[in-house]
Amino acid sequence: MFNQRIGHILKALLLSFLVTALLVLIFAFFMYKFNISENVIGVGVTLIYIISCGLGGFYIGRVEGERKFMWGCAVGALYLVLLLVVSLIVGGENSLLSGNILSLVLLCLGGGTLGGMLA
């Protein structure tokens, strides 16, 4: 049972990061083709976080069946941790301070929780 849950969580995280990669590529294409303002870029990145965590939360909520919102929130939290670790490795210490961490936490946890609740 425990190993099965770990597998479900890993699949949900993989789904979230694959969706993130796909949406970032699509968004980058639109940024390349069209002159997009900084406000639209911020909204796009916010939507990417919400959709990615939401789909991961939806998946884990669907396969776990009980306490869906909790499992979705857990996937959102793990997504956030991995995102921060990658950001730290790629961008150094200053990359974490440049953005608004509180909004990132709320987006990831909220997106995962919402996805779990909708499952």
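Parameters and conventions
- Residues numbered from 1 in each chain as written.
- Predicted model: local features only at pLDDT ≥ 70, side-chain atom pairs only at ≥ 80, totals over all residues.
- Heavy atoms only, no water.
- Helix = DSSP H or I, 4+ residues; strand = E, 2+ residues; numbered from the N terminus.
- Rg over C-alpha atoms; globule rule 2.2 N^0.38 Å.
- Buried < 20%, exposed > 50% of the residue type's maximum accessible area, 1.4 Å probe, protein only.
- Contact = heavy atoms within 4.5 Å.
- Expected span 1.5 Å × (residues − 1).

Q: When you look at the overall build of the protein in this model, what are you seeing that I'm missing?
A: Each helix and strand in the protein was counted, giving five helices and zero strands. Scanning the protein from its N terminus toward the C terminus, one meets helices and strands in the order α-α-α-α-α. Against the compact-globule benchmark of 14 Å for 119 residues, the protein has a radius of gyration of 15 Å, which places it among compact chains. Expressed along its principal axes, the backbone C-alpha trace of the protein runs to roughly 50 × 30 × 20 Å. Of all 119 residues assigned to the protein, the portion counted as buried reaches 29%. Long-range contacts, defined here as pairs at least 24 residues apart, represent 78% of the contacts in the protein between residues at least 6 apart.

Q: I keep staring at helix α3 (residues 68-91) and nothing clicks. Help me out?
A: Because the α-helix completes a turn every 3.6 residues, residues three or four places apart line up on one side. The terminal C-alpha atoms of α3, which comprises 24 residues, lie 34 Å apart, in line with the 34 Å expected from a rise of 1.5 Å per residue. Along α3, the positions that sit buried rather than exposed are Trp71, Gly72, Val75, Gly76, Tyr79, Leu80 and Leu83. Considering only its buried residues, α3 is in contact with α1 (2-33), α2 (38-64) and α5 (101-118).

Q: What is the right way to look at unusual backbone geometry in this model?
A: A negative phi holds for most residues other than glycine; trans holds for most peptide bonds. The phi angle at Arg67 is positive, at roughly 50°, despite the residue not being glycine. By the element assignment, Arg67 lies in the loop between α2 and α3. Residue Arg67 is classed as exposed on the basis of its relative accessible area, which comes to 52%.

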